[in-house]
Amino acid sequence: MRKNMDVPAAIHTYGNGQPWQGYANWPTSPPLSSYATAAPSCPPPGYQCPNKSMQNAPMTVGLVAPPSMGVAAPPLAPPPPTAGHWHQQHQTSWGPPPNHFNGVLYESNPDPAFRSNPQSPQGGSGSQPDTRVLSPSSESRYGLDPQHLPSAVQGIEEDREEWGGKVFLSEPGCPLPPLATTDCTVEDRGNASPRFIRCTTYSFPSEGMTAQQSHLPLGAIVTPFAKLEKGEHPLPVCPGTADKGCVPGCSGCGAYMCPFMTWQDCGQRFFCPFCGKLTEVPWQYYQPTNGQGQRVDSDHKPELSLGSYDVLELHTGQSAGLLLALDVSSVAVKAGQLDLICQQLRSLLSSLSREEGGDQSDLRVGLMTYDSRLHLYDLSPTLSRPHMLIFTDTAELELPLWDGLLVPLKDSRDCIDSLLQQIPQLAAESDEAPSSQELPVQAGLKILEAVGCPGKILVFHSAPLTETTLKHSSSGFFSSSKPKSLFQPTEPCISLSKACASQGCSIHLFLFTQQDVGGSWPGHTPYMTGGGVYSYSRLQTEVDREQLMCDLRRCVGTETAYRAELKFFVSKGLRVSGFYGTFTPGPNSAHISLAALDWRTALAVQFTHCGPLDEKRGVVIQVALSYTSSQGERKTRVHSLTMPCSHHLTDTFRNCQSQTLLSFYCKRMYSAVLERPLQEVREELQTEVTEMLASYRRHCSSTSVSPGQLVLPQFLKALPVYVNSLRKSEVLLPGLHSSVIQRQQLRSQIVSMDIKNTATQFYPLLLPLPVSSEPLGTLSVVQTVRCSALNLNPGGLYLAHCPLSLLLWVGQCVPSQTLLQLFNTACFSLLPSGQVCLPVLENPLSISVRKFIDNLQSQAPYTLKLQVVKQGDTSEEALLHLLVEDKSPNGGASYADFLYHLHVNSLRLLV
Ligand SMILES: [Zn+2]
């Protein structure tokens, strides 16, 4: 229940200019959920009653705010400087007198239920008003009821109702694709699946000037190796042109063959939409065209009929290697985890070699150990026991031999196993000083270069971290006049990453050292090479050991593409103006390189007009990614997509989806922090979204809309809540408790996420769990609630889930029977908090909750540890970061306040 809300007395003027005396300090007692009783007895002129507007609304009018929003108008003056971090920063950008703000209006929503039931689908605000967990951070400073704002949960639910379990035909002229969060089947009918490419709009403005007016970024999110769902066909692999397989592409620009090349002269030539040139078809590939201008063999050739296919360029190449590097310095030995690490590696390799006939059976493995020296092992199967080679001069590493340093696992299984058994014993006698974690990376890269294969280097480092490469560097940002950015990698890191990219070498760093304050962050090279950093405090607990095993399995078992070269082709009239994500720049703006990537890796690409677009032909996009598979084959994956273009901005806005835009902004802003101050990046994000809303209002909304009504494009209703969450994320707006290292890690993990994970990262799933033994559905069935403390019931259990954390919140009033069934203890105060494994109990509730959690963990892009959070406990802060609709612990604005500012500022632009 809300009390003493800070709404000062004010004279409000409504649309017709007639003044109306507002309520001083209203409301003081009525709860927001019962807004009908709080409405003024005589509504102001021009005010629309919500129910009335629902019946009489034209297509452009949707939900109108409850009267409480109309009367609880914002203060006339900016809030006092103590109002909070966010407001302090933005006082100067306050909007016009807020007396114009008398309601919220969305563009037409086809579902009348959305308008008639403004509460969350679960009845979050109204069903149990007396037991809700109320938090001051949920409240709006301007009297907006958080439950009545546009809901991201509702948008996801509506899309799921429309598309869940159905088949989406991805073809030219198809409707907007289902959201990335909806489980459905996609069939490739000529356009690449939205799993691989999603555009920020599916109707590009045909003129550059119109595109600029819209302030909508034109671009696409590309996930070249996105996982396919059950029932979707794997990509066909076509023989390359060397094998007279695939019809060769454009001779002018190098674009690959796709269904959007138009055939002329009975199939002798084709027109390329990317460069506008005609290419003669070599006689070996000639086929006549039919009456519709399509080649007669179109249906049999994937390159002529499908949006996505693979081309096999080279059969034989060196398969990928796996190099394991273990820290055996005295520090590592004293830390006491070496034995455990070796045990885990033995069990990993033994499970890999058991997978007979699988992809891993031909895996080549090498071993290194290092302290201040480097030890390599000749593991040739012809030797009776491994030979160790010791290098004391690690500065100038020259490898005298390479044969035997990387051997097929199936041939040297026993040899590697016995070596891993012996390493802890050998190391126990060592009293050598530690070395940098970069030594094994440089040595591993040399081995891969000598063998001529791509691969992964797994470094298990226990000593304190160092950044030795800095000592050798005379260049870089320290010596330049450029201000140092918090997130920028050093020059040596960049050149090491480039060397890794050209070899196709991915670095994975497993850290067993506690060094969080003042230390350097070792993650630049791992993340820039498609690898990662995995930290463990100590391997003393079962949870830690399980996580290590899980991380190892994911790291080694995930199918990876190495040495990737990505080229982008776009229709004449557009050009590629930027890439955002983690990669190495290539020779031109439309070309980049990646050391390694997998199903999780996504990039954003931005387009800019360089001329008018042909509305008859539409826009065509092609991404061609050449890569080496783990078996050593060289392939090219081609994704092509066409969509219409229009000179009406309404078409452009109506064909946008907020999750795609969020993902685009996230990649762009998280890339921008490498170069620019955070404050500037946050302001840019806010300005861009404000201008976009103003543009929509100016060019697309009905003239009858009053200034007090918030107007949002239909599929961008959730954009403000997403953008606010991005704005106040730890990377862009740090809190007191977030270290630089944590933020570096977060940035690196999030910047490469695909759309689904980005959406869940910035708007986590808050799932109410049953407190009785009623069965729990699958993830796609369980209804989530809005991410606000208002929706947490003290009598309930909730799972809060995003790609990087999984929390189980336990309310104080959960029945003791439920606690007993789930935690094996009936007393709330005795419940464990923090990282725990739920006890294995044989009752229906425990079984279904554990199964549900296992399912969430298996789908996550990273290993997730379950964290139990108790209501009222200090552990609850972890949850506050996920309640993104509320004011956040780092001072970020609540959704209601942000939306208010967005609206007021966009109105200012129209004055
Ligand atoms: Zn071309």
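Model, not experiment: these values are computed from the prediction. (Residues numbered from 1 in each chain as written. Predicted model: local features only at pLDDT ≥ 70, side-chain atom pairs only at ≥ 80, totals over all residues.)

### With respect to the sheet that holds strand β11 (residues 278-280)
- Taken together, 3 strands build an open sheet; the order of strands is β9-β10-β11 and the sheet is antiparallel. Sheet topology places β9 (262-264) and β11 at the edges, where each strand pairs with a single neighbour. Strand-to-strand twist across the sheet, computed as the mean angle between neighbouring axes with direction ignored, equals 30°. (Pairing = 2+ DSSP bridges. Helix = DSSP H or I, 4+ residues; strand = E, 2+ residues; numbered from the N terminus. Axes fitted to C-alpha atoms, helices over the stretch in contact; angles between N-to-C directions.)

### Some points on the environment of Arg-908
- Tracing the sequence through the fold places Arg-908 in helix α26 (residues 895-910).
- Among the residues examined, Arg-908 registers 14 C-beta atoms within 10 Å and is labelled partly exposed.
- It is 8.6 Å that separates the C-alpha atoms of Arg-908 and Ala-694, two residues lying 214 residues apart in sequence. (Buried ≥ 20, exposed ≤ 12 C-beta atoms within 10 Å, placed from the backbone.)

### So, the UniProt feature "domain: Zinc finger Sec23/Sec24-type" (unreviewed entry) in the chain
- What UniProt calls "domain: Zinc finger Sec23/Sec24-type" (unreviewed entry) maps, in this numbering, to residues 249-285.
- In the segment residues 249-285, helix accounts for 0% and strand for 24%; the C-alpha atoms at its two ends are 11 Å apart. (UniProt positions renumbered as here; feature names shortened; annotations may be inferred.)

### Some words on the pairing of strand β4 (residues 185-188)
- Burial of β4 is one-sided: the residues Val-186 and Asp-188 facing one way are buried, the residues Thr-185 and Glu-187 facing the other way are not.
- As defined by bridge partners, strand β3 (residues 167-170) adjoins β4 across 4 bridges and the pair is classed as parallel. Within the sheet, the bridge partner assigned to Phe-168 lies in β4 and is Val-186.

### Comments concerning the nonpolar core
- Membership of the largest hydrophobic core comes to 219 residues, with the highest contact counts inside it found for Ala-325 and Tyr-722.
- The element best represented in this core is α26, accounting for 8 residues.
- Sequence-distant contacts of Tyr-722, that is, excluding residues within four places in its chain, are made with Ala-152, Ser-658, Leu-662, Phe-762 and Tyr-763. (Core = buried A, V, L, I, M, F, W, Y, C linked by C-beta atoms within 7 Å. Contact = placed C-beta atoms within 7 Å.)

### Structural notes on the sheet that holds strand β22 (residues 574-580)
- The strand order across the open sheet formed by 4 strands is β5-β7-β25-β22, and the pairing between neighbours is antiparallel. At either margin of the open sheet sits one strand with a lone partner, and together these are β5 (197-199) and β22. Pairwise comparison of adjacent strand axes, ignoring direction, gives a mean angle of 25° for this sheet.
- The sheet contact formed by β5 and strand β7 (residues 219-222) spans 3 bridges and is antiparallel. In the strand pairing of β7, Cys-199 is matched with Ala-220.

### Notes on the packing of helix α23 (residues 816-823) against helix α24 (residues 844-859)
- Closest axis-to-axis distance for the α23/α24 pair is 8 Å, and the angle between their directions is 60°. The angle between α23 and α24 falls in the class oblique. Crossing hand, α23 versus α24: right-handed. Only Leu-845, Ser-846 and Val-849 of α24 make contact with α23, whose side of the interface consists of Thr-818, Gln-821 and Leu-822.
- By residue class, the composition of the contact of α23 with α24 is 3 nonpolar, 3 polar and no charged. (Parallel < 35°, antiparallel > 145°, perpendicular 65-115°, else oblique. Left-handed = near helix turned anticlockwise from the far one by under 90°. Nonpolar A, V, L, I, M, F, W, Y, C, P; charged D, E, K, R; others polar.)

### Notes on α23
- Residues of α23 that are buried: Thr-818, Gln-821, Leu-822 and Phe-823. Each buried residue of α23 sits inside an arc of 165° when the element is viewed along its axis, so together they form one side.
- Contacts from the buried residues of α23 go to α24.
- Positive phi shows up at Asn-824, right after α23, with a value of about 65°. (Arc of directions from axis to C-beta.)

### Some thoughts on the packing of helix α19 (residues 678-699) against α26
- Where α19 contacts α26, the axes come no closer than 8 Å and their chain directions differ by 60°. Relative to α26, the element α19 is oriented oblique. Where α19 crosses over α26, the handedness of that crossing is right-handed. Facing Val-689, Thr-690, Glu-691, Leu-693, Ala-694, Arg-697 and Arg-698 of α19, the residues of α26 in contact are Leu-902, Asn-905, Ser-906, Leu-909 and Leu-910.

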